[in-house]
Amino acid sequence: MATITVYSTDPCSFCSRAKELLQRRGYAYDEINLSKDPAGRGQLVDRTGMFSFPQIVINGEVLGGFRELVQADMSGKLEELAAAA
């Protein structure tokens, strides 16, 4: 099974929607909430090159944010990534 990590913050409607999509598809994920962790936010920017939330990482590969998650879901890429573990 895939290792999915959702980096989130509070409040964040796109974070909530991303987690709901993953739950509906039956994918387990780990959430790392960086709302009170400035150093963690800096590390996330270093890792992904982005400062927006959520950021979704699957099997160590940065997928992107909510929009990219939806696109991956609609194209079948999400299922492929999840099965590739």
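No experiment lies behind these values; they were computed from the predicted model shown.

1. Some details on the packing of helix α1 (residues 13–24) against helix α3 (residues 66–75)
At a minimum axis separation of 9 Å, α1 and α3 run at an interaxial angle of 25°. Our classification of the angle between α1 and α3 gives roughly parallel. Note on packing geometry: the crossing formed by α1 with α3 is left-handed. Each of Phe14, Arg17, Ala18, Leu21 and Leu22 in α1 lies in contact with α3, whose residues at this interface are Phe66, Leu69, Val70 and Asp73. Taken together, the residues of the contact of α1 with α3 break down into seven nonpolar, no polar and two charged.

2. Topic: the nonpolar core
Core analysis: the biggest nonpolar cluster contains 17 residues, and Ile4, Leu22, Ile56, Ile58, Leu63, Leu69 and Leu78 have the highest contact counts within it. If you list the elements that add at least two residues to this core, you get β1 (4–8), α1, β3 (55–58), α3 and α4 (77–83). What Leu63 contacts, discounting residues up to four positions off in sequence, is Ile56, Val57, Ile58, Glu68, Leu69, Ala72, Lys77 and Leu81. Core analysis: the next-biggest nonpolar cluster, separate from the first, contains seven residues, Tyr7, Cys15, Leu44 and Val57 among them.

3. What to know about the environment of Val45
Along the chain, the position of Val45 falls in helix α2 (residues 38–48). Under the relative-accessibility criterion, Val45 is labelled partly exposed at 27%. Here the alpha-carbon distance between Val45 and Ile4, two residues 41 residues apart in the chain, equals 18 Å.

Cut-offs used in this document
- Residues numbered from 1 in each chain as written.
- Predicted model: local features only at pLDDT ≥ 70, side-chain atom pairs only at ≥ 80, totals over all residues.
- Heavy atoms only, no water.
- Axes fitted to C-alpha atoms, helices over the stretch in contact; angles between N-to-C directions.
- Helix = DSSP H or I, 4+ residues; strand = E, 2+ residues; numbered from the N terminus.
- Parallel < 35°, antiparallel > 145°, perpendicular 65-115°, else oblique.
- Left-handed = near helix turned anticlockwise from the far one by under 90°.
- Contact = heavy atoms within 4.5 Å.
- Nonpolar A, V, L, I, M, F, W, Y, C, P; charged D, E, K, R; others polar.
- Core = buried A, V, L, I, M, F, W, Y, C linked by side-chain atoms within 4.5 Å.
- Buried < 20%, exposed > 50% of the residue type's maximum accessible area, 1.4 Å probe, protein only.

In short, shape yes, function no, at least from these values alone.
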